[in-house]
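Results of the structural survey
If you want the building blocks of each chain, they are given just below.
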Amino acid sequence: MLGPDTAAYLIVAAFLFTTGALGVLIRRNPLIVLLSLEIMLNGANLALIAFSRHFANGDGQIFALAVMAVAASEVVVGLGLIVAMARKNLALDVDKFSSLRG
Amino acid sequence: MNAAAWTCLLLPLASTVLITVLGGAISRRTAGWISTLSSGAAFAAAVVVFVEMLSRSPEDRSETSTAYNWLVAGNFKVGFSILTDPLSVFMMLIVTGVGSLIVAYSLGYMDGDDEERRYFAYMSLFVFSMLLLVQGGNLLFLLIGWGLVGLSSYLLIGFWHERPSAVAAAKKAFIMNAVGDATMALAFFLLIQKTGSLDFEVVFAKAGGLSQTVLVLVALGLLGGAVAKSAQLPLQTWLPDAMEGPTPVSALIHAATMVTAGVYLIVRTHPLFELAPNVQDTAAVLGTLTLLIAGLIALVQTDIKRVIAYSTMSQIGYMFLGAGIGAYANAMFLLMAHAFFKALLFLGAGIVIHALGGEQDIRKMGGLRKLMPKTWWAMLVGGLALAGMPPLSGFFAKDSIIAATLGREDWFGYVLFAAAIAGTFLTGLYTFRMLFVVFGGEQSAYVREHPPHAARDRLVEWSMGLTVAVLAVLAAFGGWIQFANVWTPITDWLRPVAEPLVEATGGQEAIASICAVAFGLAGIGVAWWIYSARRAAAPRAWAVLEHKFYFDELYNGLFYWPAVALSRVLDWTVEGPIVNGSIVGVADLTRRAGGWFRELQTGLVRVYAFALAAGLAVLILVFIAVR
């Protein structure tokens, strides 16, 4: 098997996931939160593909492709929301959006 | 005969339905005319029944007509049927005759009232209820009519429903009557169990084979109903309060319908009472006590309608006395004469009240004789008839009952005789006290300030004047259709239905008449001495009379206050802490829990994300630890 060991991939995947999670929890700019979410998803994707290679089974790769499709649609919706917020001159700060009233 | 009898029964009901359904589509006066004409037509139908019955032989005058089987349960069957016999025809004539006069009088009296249509619908319903009561072909339909009479009296007493006192009086009448309805229903249950039927003939035929206990219980139940409906001791307190209704309603309750129902019931079910002689004697004793007590209370009343109301209780007491000693025809005769003169007195009092703009306190009246001479003469006729002065109707009717007590020829009869004679003294006294105070003497300050105003228009004048005139003629001459021992059409007419137990001899009739007239005159004389000629200071009224012998207070103490106290205790011990507490507790807990959980809903995305991450971390740790 070419390349590094599976464990190395998993470490990178865990690192990516934690970085994303911290970004989601700490940052207040919705754009950065969305970006951190994508990083979390990609960390998960990397873990899936690593396991797929480890077990010589294509299922994980297929699943990673599905996650990418979901992530793409999510970005469309999320960015749409952020653009709408920016157009209304609302502050780009997730903590300011704590009420459900329209 | 049956067709006419059904017409008589259903016409007033049709009028009620018609007025109710048409509602605002007809004018108020039209509603009054519908009600008046239907009552008049019912009277015409009753006359037709009477004439047809006259042409039959006395044995063949009773007929039951069944429309259909109303209720079938196993062997127990009750048909929607009416009984047409001399007794029910007698009652039909009084109810529809006097009733239609009173309804016609209402045309004028109620003219301009806000809710005339409702009033006339109720009046027709009242007449229908009473007709169902007297025409009902079995005990169940009698009871239905009995209940409907209670309902319509409730509706009419509380007709001016914006007055709290009228609403309270209506409720009081209904509850007092409900007590009687309940005892009657219990008696009927017992009859159904023991005889398996509620038809008059079957029950009367099988009653002889029942045990004495059952008979006494049944008779007591019936007596309870009669006492409540006829406002006799001990269920009499509702009648004076019922004066809260419009005056024609009082006239209808007192003269044509309702209070006479108890007398009718005793006469109708006399075979049951005769099998329980102790109960029948009780009826006579209750009637005698009532006639004395009501007469005494009437002496101190200051409301013109209440004086007349107590006189009704007193006169019904005479009827109970008559029915109780078995002088059925005499009781029915007084019932008829009483219907005439009591309707006359009430409607005359109504004219006075109407003319004085609704004032009912006799202390504010006085000297009305010159201002209202026609009303004075009408009231004088009514008063003399009530006091039993010859040759007016009350003389013939009341004295025959008093003579019948002598006809028993035992100590019980003599005691009743003495009490009844004392009653005639009271009757003369309270009747003429009222008449002298209202009509005699100088005009009072109130009358000078509020002179009687003329009727608004001809219809009002005619409807009130003409009906009173007709009743005055009836009250004056209605008694002539029976002159004891010489000319007795009423006794003969009712003989097939209710054979009298006692019949007085000519000598006894004479003694009774002389005593009654002498004592009646004495009462009138005392009233004249105190209230007219000398205007002597009236003796101070005893407190016990002003408080109506403390019956209201007694019932408050016996039933009302214990019920209130029990409710309070239950409120404190059960309702408050347990019923209310549990519900309030659940609601309170839910709200407080909601308050706690609301704190978690910060709306900050980061907090939710952290909760997710932390939850995940905990789960991972748990999984690792469990492995």
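Analysis parameters
- Residues numbered from 1 in each chain as written.
- Chains lettered and ligands numbered in written order.
- Predicted model: local features only at pLDDT ≥ 70, side-chain atom pairs only at ≥ 80, totals over all residues.
- Helix = DSSP H or I, 4+ residues; strand = E, 2+ residues; numbered from the N terminus.
- Rg over C-alpha atoms; globule rule 2.2 N^0.38 Å.
- Buried ≥ 20, exposed ≤ 12 C-beta atoms within 10 Å, placed from the backbone.
- Domains from an automatic or database assignment.
- Contact = placed C-beta atoms within 7 Å.
- Nonpolar A, V, L, I, M, F, W, Y, C, P; charged D, E, K, R; others polar.
- Pairing = 2+ DSSP bridges.
- Expected span 1.5 Å × (residues − 1).

1. Let's talk about the overall build of chain A
When helices and strands are tallied, chain A shows three helices and zero strands. Secondary structure of chain A in N-to-C order comes out as α-α-α. The C-alpha radius of gyration of chain A comes to 17 Å, more than 25% above the 13 Å expected for a compact globule of 102 residues. Principal-axis analysis of the C-alpha atoms places the extent of chain A at approximately 55 × 25 × 20 Å. By residue count, 12% of the 102 residues in chain A fall in the buried class.

2. Some words on the domain arrangement of chain B
Each assigned domain of chain B is listed with its residue range as follows: domain 1 (335–546) and domain 2 (554–626). Computed over C-alpha atoms only, the centres of domain 1 of chain B and domain 2 of chain B are separated by 71 Å.

3. A look at the interface of chain B and chain A
Accessible area lost on assembly of the parts is the figure often given for the size of an interface. Listed by partner, the interface residues are eight residues for chain B and seven residues for chain A. Broken down by class, the residue content of the side of chain B that touches chain A amounts to five nonpolar, two polar and one charged.

4. Some remarks on unusual backbone geometry
Residues and elements named next belong to chain A. Despite not being glycine, Ala56 shows a phi value in the positive range, around 50 degrees. Examined against the element boundaries, Ala56 turns out to sit in the loop between α2 (30–54) and α3 (59–87). Look at Asn89: it is not a glycine, yet its phi comes out positive at around 60 degrees. Here Asn89 is to be found in the segment after α3.

5. Comments concerning the pairing of strand β1 (residues 63–73) of chain B
All names here are of chain B. The element β1 is largely exposed, with a buried count of zero among its eleven residues. With nine bridges joining them, β1 and strand β2 (residues 76–84) adopt antiparallel strand pairing. Residue Val72 lies in a different strand from β2, and its bridge partner there is Lys77. Between β1 and β2, which pair antiparallel in sequence order, lie two residues; one of them, Gly74, sits at a positive phi of approximately 65 degrees.

6. Quick word on helix α19 (residues 411–439) of chain B
When the terminal C-alpha atoms of α19(B) are compared, their 42 Å separation across 29 residues agrees well with the 42 Å that a helix rising 1.5 Å per residue should span. Looking one or two residues past α19(B), Gly441(B) carries a phi angle of roughly 70 degrees, positive in sign.

7. Notes on helix α15 (residues 328–355) of chain B
All names here are of chain B. If you check α15, its first and last C-alpha atoms are 40 Å apart, about what 28 residues at 1.5 Å a residue would give, namely 40 Å. Summarising burial for α15: 26 of the 28 residues are buried, a large majority. Just downstream of α15, Gly357 is the residue with a positive phi angle, here 70 degrees.

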